[in-house]
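These are the residues of each chain, in order.
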Amino acid sequence: MKKKPRVLFASFEAEPFLKTGGLGDVAGSLPKAIKAQGYEIRLIMPKFGTIPEKYKSRMKHVCDFTLDLGWRHQYCGIETLKTQGVTCYFVDNEYYFNREGTYGYLDDSERIAFFSKAIMDCIPHLPDFDPDIVHCNDWHTALTPVYMRSHYCPEELRNVKTVFTIHNLKFQGIYSKWCIGDLLGFSEDEAGYLGLLEGDTVNYMRGAICMADRITTVSPTYADEICGQFYGEGLGYIFLNRRDVLSGILNGIDNNRYNPAEDANLYEKFDMDNFIESKKKNKEAFQAELGLEVNGDKPLMVIISRLTEQKGLDLVLWILGELMSQDVQLAVLGVGDKKYEDSLRSMAGYLPNKVSVSLTFSEPLSHKFYAAADMILVPSLFEPCGLTQMIAMRYGTLPVVRETGGLKDSVKPYNKYTGEGNGFAFANYNAHELLFTLKDAINLYYNSPVEWNNLVNNAVATNFSWDASAEKYSDLYKGLLG
Ligand code: ADP
């Protein structure tokens, strides 16, 4: 029997073990969908101390070895666990990964170099898995394609292909040059050849973009955008040079995880048969829980997001006063920059029955937000793909987005002449364009319920399952393996 092609899929986070954002969603669901395309795919991620005990207690030891990183000789264990049909490997080193949080430590340059090198170094030690392709995701795994084209690559891995997927170009892993030799163990010449150097800095992601056999990002529009100066974050000229191996594949969502008919987090489960009444019940229970005025007829807007510049919070704050003079409610779920948290909190204090702000990261609460809302605001400055607009549509909540990256590729703006669309969109990064679009949406909600419900039907019917994307990854892998 012909052997299935084998893929090692590397990510710093993955559901159900750990999620801090969209990467966790994607790494938790895409491998399953790729497996269904006929691949033997295995996930590899760090064994974080914060992974729930119910998973840690089921992990089995696979192997351990000493990993060399510059002058360091570190313990590296590999543990394994199978979940939902996918074998997962966990890179074990208590010093690097048994911590309270996931990102943002002073030694991230070292922890991430360790993880990236472990992905390569562990392969010869795995008893029953020799991948044809190593598929890396974001800057936390960016050094793997680099090491695999360096003198450190074991002979037997020289033909293994690498794919590097960019989920967010904003985070590249840029450090001072000291780490070339001391940490990464390269000479300056080799680091230059491997694409790691940019002026006086070392840039992990730049290395992956130069060395990977294929580069993908998470929407076709973002793949075009990053070839230019603004969205390219300083690397646009390299993307232009490598345009022939760069492509954009839109993310999907896990339709089982986000399914209002089965979602135990909701006040009341629903499908399209009981949508209108159930949406209202969810909204009213939600309003009561959050201290908003309880009135199922009021349009409820939500934001579920990291509170950072990327997500368009500056636009929202600029028009918030004017927006809240409309007969609407706003509920925000997110954590992030203090300036946004403080401004939103003060607005909630000022208008407690119209604005609610939950400054926390809570998966169960987020499902209640998606289900209760009528609209979700995603006015991002840039958005590689964005998942919240897709999840929201699954719950019959209409997205209001800026036309950029994956938002442009997933939301079809309402056309008042034809009635087509599954949401609302505006083009420029301009606060009043956002406000006018919101006013149009609010107006439609109050005055044209039939048209509104048509849009909701269109949104719910939009297919964001992983199948189409997994097929595209499969084509990409086939192209690589010849
Ligand atoms: P990001 O750029 O943060 O990855 P995405 O839209 O791609 O943005 O994915 C965000 C994911 O994180 C979604 O699954 C969203 O529901 C979830 N999320 C964001 N903020 C919160 C929060 N405060 N609590 C719970 N889930 C959140």
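Whatever comes next refers back to the structure up there.
1. What to know about the packing of aromatic side chains
Taken as a whole and assessed by the stated rule, the structure comprises 27 aromatic pairs. Judged by centre distance (5.2 Å) and plane angle (90 degrees), the rings of Y445 and W452 are edge-to-face. Summarising the burial analysis for this pair, Y445 and W452 share the class buried. Here the aromatic cluster, defined as three or more aromatic residues joined through ring pairs, consists of F12, F48, Y95, Y96, F97, Y103, F114 and F115. For R99, the ring lying beneath its charged end belongs to Y95, and the centroid distance is 5.7 Å. Across the ring face of Y105, the terminal group of R99 is positioned such that the distance to the ring centre comes to 4.9 Å.

2. Considerations on the environment of E156
Relative to the assigned elements, E156 resides in the loop between α5 (143–147) and β7 (161–166). Taking the C-alpha atoms as reference points, E156 and G22, 134 residues apart in sequence, are found 34 Å from one another.

3. Looking at the sheet that holds strand β2 (residues 40–46)
In any sheet, the strands associate via hydrogen bonds between backbone groups, in a parallel or an antiparallel arrangement. Pairing within the open sheet is mixed, and its nine strands lie in the order β3-β4-β5-β2-β1-β6-β7-β11-β12. Of all the strands in the sheet, the pair left with one neighbour each is β3 (60–69) and β12 (246–248). Within this sheet the neighbouring strands show an average axis-to-axis angle of 25 degrees, counted without direction. Where β7 and strand β11 (residues 214–217) come together, four bridges link them in parallel fashion. Residue pairing for β11: F164 is matched across the bridge by I215. Across the sheet, helix α1 (residues 22–35) lies against β1 (6–10), β2, β5 (86–92) and β6 (133–137), angled at about 160 degrees from β2, the strand it touches most.

4. Some remarks on helix α15 (residues 363–372)
Most of α15 sits inside the fold, with nine of its 10 residues counted as buried. Each element contacted by the buried residues of α15 is listed here: α12 (275–290), β13 (300–307), β14 (329–336), β15 (355–358), β16 (375–378) and α16 (388–394). At the N-terminal boundary of α15, the capping side chain belongs to S362, with an oxygen 3.1 Å from the backbone nitrogen of L365.

5. Thoughts on the pattern of salt bridges
Applying the stated criterion across every chain, the model contains 31 salt bridges. Where K47 meets E79, a salt bridge forms, and the shortest distance between an N and an O atom there is 3.4 Å. Taken as a pair, K47 in the loop between β2 and α2 (53–56) and E79 in strand β4 (residues 72–83) lie far apart in primary sequence, 32 residues in all. The pair K47 / E79 is uniform in exposure class, with both members buried. As a salt-bridge pair, K298 and D327 come within 3.4 Å of each other at their nearest N and O atoms. Here the residue K298 occupies a position in the loop between α12 and β13, and D327 occupies one in the loop between α13 (313–324) and β14, the gap between them amounting to 29 residues. Judged by its relative accessible area of 12%, K298 is buried.

6. A short note on the pairing of β15
Residues V355 and V357 line one face of β15 and the alternating positions S356 and S358 line the opposite face, and both faces are buried. Pairing of β14 with β15, which is carried by four bridges, proceeds in the parallel orientation. Within β15, the residue paired with L333 across the bridge is S358. With helix α14 (residues 338–350) bridging β14 and the parallel β15, this β-α-β connection has right-handed handedness.

7. Observations regarding the packing of α13 against helix α18 (residues 431–447)
Running from N to C, α13 and α18 cross one another at 45 degrees; their axes reach a closest spacing of 9 Å. Here α13 lies oblique to α18, going by the angle between them. The chirality of how α13 crosses α18 is right-handed. Two secondary-structure elements touch here, α13 through L315, V316, W318, I319, E322 and L323 and α18 through A431, H432, L434, L435, L438 and I442. When the residues that make up the contact of α13 with α18 are grouped by side-chain class, the tally is 10 nonpolar, one polar and one charged.

Criteria and thresholds
- Residues numbered from 1 in each chain as written.
- Predicted model: local features only at pLDDT ≥ 70, side-chain atom pairs only at ≥ 80, totals over all residues.
- Heavy atoms only, no water.
- Phe/Tyr/Trp six-rings, centres within 6.5 Å; stacked < 30°, edge-to-face > 60°.
- Buried < 20%, exposed > 50% of the residue type's maximum accessible area, 1.4 Å probe, protein only.
- Lys NZ or Arg CZ within 6 Å of the ring centre and 35° of its normal.
- Helix = DSSP H or I, 4+ residues; strand = E, 2+ residues; numbered from the N terminus.
- Pairing = 2+ DSSP bridges.
- Axes fitted to C-alpha atoms, helices over the stretch in contact; angles between N-to-C directions.
- Contact = heavy atoms within 4.5 Å.
- Polar contact = N/O pair within 3.5 Å; in protein donor to acceptor, adjacent residues only side chain to side chain.
- Salt bridge = Lys/Arg side-chain N within 4 Å of Asp/Glu carboxyl O.
- Right-handed = clockwise from strand over helix to strand, strands pointing away.
- Parallel < 35°, antiparallel > 145°, perpendicular 65-115°, else oblique.
- Left-handed = near helix turned anticlockwise from the far one by under 90°.
- Nonpolar A, V, L, I, M, F, W, Y, C, P; charged D, E, K, R; others polar.

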